[in-house]
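Residue-level structure breakdown
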Amino acid sequence: RVQESVMFLADYLEKENTLVSKIKNAMIYPVFVIVLFIIVAGVLMGVVFPQIEPIFVDANVTLPLITRVFLSIGHFIANWWLALIVIALAFAAFLVEYMRSEEGGVVFDELVLSLPVVGKLLRQAYVARFGEAMSVLIKGGIPIAQAIETSGHTVGSLLYRDALHGVAEKIRGGELLSRALEAEERYFPPLVSQMVAVGESTGRLDDMLSRVAQFYTREVDGMVSNLVELIQPALMVVIGAGVGLLFASILLPIYNLVQVF
């Protein structure tokens, strides 16, 4: 029995690492490109734009609105770049420290779960983790209420942890797991409570929870694959639009300057 539980635990950890790696790999490329674009745009507006402004001013060239906006931003960056760096670092340090607190973790979870696509992806990932952990613990002979609380700490979300602690208390009060999960529809889709109800009626709760984990793991894999395919073209459109605006803010005044001469 112990050997079987250890094998299930090893399989669970392997699936968990694979899932986390897929999500991280899907986010690394877009984050890197966006940060790089912000740095390049900041250098252009803070260094290049203020240096070419006198050329247009001396030639009495009328600057387009987009150029004036970027020049204003460039002057602000050039005059306050040190203060901006200090503020950004201080804010980042505060944010990291706040996110480590209980309140910050809850606020972050609420924010992320409310996002359109990412929220749905994380909900499915959390349900998959819950199902897999519960299946392993029940197979290992852990009481259901204790298994639920333990699973809540392995899901990776403070909101799910608190919700599952409430579910565990209901189980200790004599309520069925399916009914308790049905009341937490915000975190657990109706399919979960329905499959758990089947497992309770057939005495194969661990198998049903394992099937829940497998189903939502496949859903997460599919969503991650689709996101990877969609992020790259969407990112190219966004970055292309940004680069186009930067070039337009320079080329339009140059065109007007040529017209003057």
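A brief look at the structure comes next.

About the cut-offs
- Residues numbered from 1 in each chain as written.
- Predicted model: local features only at pLDDT ≥ 70, side-chain atom pairs only at ≥ 80, totals over all residues.
- Heavy atoms only, no water.
- Helix = DSSP H or I, 4+ residues; strand = E, 2+ residues; numbered from the N terminus.
- Rg over C-alpha atoms; globule rule 2.2 N^0.38 Å.
- Contact = heavy atoms within 4.5 Å.
- Areas by Shrake-Rupley, 256 points an atom, 1.4 Å probe, with all protein chains shown as cover.
- Salt bridge = Lys/Arg side-chain N within 4 Å of Asp/Glu carboxyl O.
- Buried < 20%, exposed > 50% of the residue type's maximum accessible area, 1.4 Å probe, protein only.
- Phe/Tyr/Trp six-rings, centres within 6.5 Å; stacked < 30°, edge-to-face > 60°.
- 1 Å grid on protein atoms, 1.4 Å probe; cavity = no way out; pocket = protein on both sides within 12 Å on 5 of 7 lines; lining within 4 Å.
- Points joined across faces, edges and corners; volume = space filled by probe spheres on them.
- Core = buried A, V, L, I, M, F, W, Y, C linked by side-chain atoms within 4.5 Å.
- Nonpolar A, V, L, I, M, F, W, Y, C, P; charged D, E, K, R; others polar.
- Lys, Arg positive; Asp, Glu negative; His and termini not counted.

A word on the overall build of the protein chain
- Looking only at helices and strands, the protein chain features nine helices and zero strands.
- Sequence-ordered secondary structure for the protein chain, helices as α and strands as β, is α-α-α-α-α-α-α-α-α.
- Against the 2.2 N^0.38 benchmark of 18 Å for 261 residues, the protein chain shows a C-alpha radius of gyration of 27 Å, more extended than a compact globule.
- Each principal axis of the C-alpha distribution contributes one length, and for the protein chain these read about 90 × 35 × 35 Å.
- Of the contacts made within the protein chain by residues no fewer than 6 positions apart, 68% connect residues no fewer than 24 positions apart.
- Looking at the protein chain as shown, the accessible area adds up to about 15,400 Å², and 68% of this sits on carbon and sulfur atoms.

Description of the pattern of salt bridges
- Under the definition given, this model contains nine salt bridges.
- The closest approach of N and O atoms between Lys 139 and Asp 207, which form a salt bridge, is 3.6 Å. Of the two residues, Lys 139 is situated in helix H4 (residues 116–139) and Asp 207 in helix H9 (residues 205–260); the sequence distance between them amounts to 68 residues.
- Asp 207 is the salt-bridge partner of Arg 204, the closest N and O atoms lying 3.1 Å from each other.
- Under the relative-accessibility criterion, Arg 204 is labelled partly exposed at 43%.
- Through salt bridges with shared partners, a single ionic network connects Lys 139, Arg 204, Asp 206 and Asp 207.

Thoughts on the packing of aromatic side chains
- Enumeration according to the criterion identifies six aromatic pairs in this entry.
- With 5.0 Å between their ring centres and 85° between their planes, Phe 215 and Tyr 216 make a pair best called edge-to-face.
- Taken together through their ring pairs, the aromatic side chains of Tyr 126, Phe 130, Tyr 160, Tyr 187 and Phe 188 make up a single cluster.

Here we look at empty space enclosed by the protein
- Evaluated as defined, the whole model comprises two cavities of 30 Å³ or more.
- Taken as a whole, the second largest cavity encloses approximately 40 Å³ of empty space.
- Lining the second largest cavity are Phe 49, Ile 52, Glu 53, Phe 56, Thr 67, Leu 71, Ser 249 and Ile 250.
- Listing elements by their share of the lining of the second largest cavity, those giving two or more residues are helix H1 (2–58), helix H2 (65–100) and H9.
- The element contributing the most residues to the lining of the second largest cavity is H1, with four residues.

Re the environment of Arg 161
- Structurally, Arg 161 can be placed in helix H6 (residues 158–172).
- A relative accessible area of 17% means that Arg 161 is categorised as buried.
- Through-space distance from the C-alpha of Arg 161 to that of Ser 151 is 7.9 Å; in sequence the pair is 10 residues apart.
- Residue contacts for Arg 161: discarding those within four places in its chain leaves Glu 102, Gly 152 and His 153.

Description of the nonpolar core
- Counting residues in hydrophobic clusters, the biggest one holds 33 residues, and the most contacted among them are Leu 177 and Phe 188.
- Beyond its immediate stretch of four places on either side in the chain, Phe 188 contacts Val 127, Phe 130, Tyr 160, Leu 164 and Leu 181.
- Counting residues in hydrophobic clusters, the runner-up holds 12 residues, among them Phe 49, Phe 56, Ile 250 and Leu 257.

What to know about the layout of surface pockets
- Of the voids in this model, the second largest pocket is the one considered here, and its volume is about 240 Å³.
- At the level of elements, H1 and H2 are the ones that each hand at least two residues to the lining of the second largest pocket.
- For the lining of the second largest pocket, the element with the most residues is H2, which contributes six residues.
- For the lining of the second largest pocket, the class distribution of residues is eight nonpolar, two polar and no charged.

Comments concerning the environment of Lys 120
- Here Lys 120 is to be found in helix H4.
- C-alpha of Lys 120 to C-alpha of Val 220: the two residues are 100 residues apart in sequence and 9.2 Å apart in space.
- With sequence-adjacent residues up to four places away left out, Lys 120 is seen in contact with Leu 115 and Met 223.

So, the side chain of Glu 184
- Looking at where Glu 184 falls in the secondary structure, it is placed in the loop between helix H7 (177–182) and helix H8 (190–202).
- No salt bridge is formed by the buried Glu 184; its nearest oppositely charged neighbour, Lys 170, is found at 4.5 Å.
- In this view, Glu 184 contacts Ala 163 and Val 167; residues no more than four positions away in its chain are not counted.

Shape descriptors only; they carry no functional weight alone.
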